[in-house]
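Observations on the model geometry
Take a look at the letters that make up each chain.
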Amino acid sequence: MGTRITSLANNFDTTGKLKAAGINNASLSGITALPSGVNAGKMTLLSTQTASGDATINFTSGIDSTYDAYCFKYISVHPSGDGRNFEFNASTDGGSNYNVTKTSTSFIAYHNEADSATTLAYETDGDEAQGTGYVHLAYNTGADNDQTCSGEMWLYNPSSTTYVKHWINVSDSYQFNDYQTNTFTAGYLNTTSAVDAISFRFSADNIDAGTIKLFGVSTS
Amino acid sequence: MGQATRNIANSFTTSGVITSSAVNNTTISGITDLSAGGSLILLSEQTASGDASISFTSGIDSTYDEYCFIFNNCHPATDTATFTFQGSTDGGSNYNTTMTTSIFEALHFENDTMAQLGYLTSYDQAQGTGYQTITSAQGNGADESLSGILKLYNPSSTTYVKHFIIRSNNYYYTNGSFDRYIAGYFNTTSAIDAIDFKFTSGNVDDGTIQMFGVK
């Protein structure tokens, strides 16, 4: 017991204040808020979902007026079927229906491993003109063991009840035919209702593996 | 000892909780993770000063799903130098990982004589093992530099290839803005654990490159 008291005393300075070395916790998980003067960054992880044979990955909470923008990062997403398009849709009723009207553009740069094909081109198959279906984020991802797609989709001001909601996406995909494809899609959700849920899926089959993270981004 | 004991005792409330004034360190350097903190964590920063290359050989592991490199105002010693990068699977002993990439750019000259968008077949790689071009013909005038961002996803995966996405802007040696878009994958199922940046000729005279983990 004497040793413990001595050890405890050694963790304090001569004025009785606890030394940094006396705190045996590198994460302090109990701290969930910081004083306003502390620079804690403007990008906050809100939720993470890991796929395991899921038809869809839906985010039905946390998308509101708290943040100015939301960023979805999809990492090493792997389809169960070959040549599937990774895509998303939005909801204005908490995820009951994913069918928001949207107008969007899509273009790609690709290059195959055989070095016989390259392009930079608009992709009419991947745009929408007031459509309500899921819209492409990454093209033709392969189902070979090492094939995936990764990227990020930013959604701006989803809770506005005045304006449409813009989104911008960029991704890289390892296609089923050994093409590397860099995809750019952007558009707006043409509704003045608040968007409060987002759904991701492949155009067919399941999401076998992968991680999707939702971040809130404060711009002020 | 009696005074010291009283001082320590005064650092606790009557219920035994440490008072806030009792912690003699406002930064507590030992704390490396904080639930309330941001999600972009600065892992390391390197400032160039006549370096042949800028290498990140530690900190790239399974801790984060995504690593973000921000290269800021990189300035070459040699005019028209090409800024490049490569990955390593052996801690930086060799930078020769197989990759397939695409690259395109939008450009515009200060004298307004040219503005265009196009794919760059000369700078992509198809299962190549060389350094990937990020920017070309970078000027080395006193105010000329390049900046951009590289995002590397899931580098420690031993199952999947590793995707990356880059966007950069550089000051072309004949005075123009070149906006580059590059993406691709390291075609390996070995973990990528080091990244190297360099100019193909001459040194990196100035600039900073920061590596962030995204949690």
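It should be noted that the structure appears before, not after, this text.
Below: a short report on this structure. Note that the coordinates shown come from a computational prediction; the quantities given were computed from them, not determined experimentally. (Residues numbered from 1 in each chain as written. Chains lettered and ligands numbered in written order. Predicted model: local features only at pLDDT ≥ 70, side-chain atom pairs only at ≥ 80, totals over all residues. Heavy atoms only, no water.)

This part covers the overall build of chain B. When you go through chain B residue by residue, the secondary structure sums to one helix and twelve strands. For chain B, the α and β elements follow one another from N to C terminus as α-β-β-β-β-β-β-β-β-β-β-β-β. Among the 215 residues that make up chain B, the fraction classed as buried is 47%. Taking the intrachain contacts of chain B between residues at least 6 apart in sequence as the baseline, contacts between residues at least 24 apart amount to 75%. For chain B, the exposed area adds up to about 9100 Å²; of that, 45% sits on carbon and sulfur atoms. (Helix = DSSP H or I, 4+ residues; strand = E, 2+ residues; numbered from the N terminus. Buried < 20%, exposed > 50% of the residue type's maximum accessible area, 1.4 Å probe, protein only. Contact = heavy atoms within 4.5 Å. Areas by Shrake-Rupley, 256 points an atom, 1.4 Å probe, with all protein chains shown as cover.)

This next bit is on the overall build of chain A. When you go through chain A residue by residue, the secondary structure sums to one helix and 13 strands. Mapped from its N terminus to its C terminus, chain A presents α and β elements in the order α-β-β-β-β-β-β-β-β-β-β-β-β-β. Considering only intrachain contacts with a sequence separation of at least 6, the fraction spanning at least 24 residues in chain A is 75%. Total accessible area computed for chain A in this model is approximately 9600 Å², and 46% of it derives from carbon and sulfur atoms.

Attention now moves to the side chain of Lys213 of chain A. The topology assignment puts Lys213 of chain A in strand S13 (residues 207-217). Among the residues examined, Lys213 of chain A registers a relative accessible area of 7% and is labelled buried. There is a polar contact of 2.4 Å between the side chain of Lys213 of chain A and the side chain of Asp65 of chain B. Among all residues touching Lys213 of chain A, those that are not within four sequence positions of it are Leu45, Ser47, Thr48, Cys71, Phe72 and Lys73 of chain A together with Asp65, Val214 and Lys215 of chain B. (Polar contact = N/O pair within 3.5 Å; in protein donor to acceptor, adjacent residues only side chain to side chain.)

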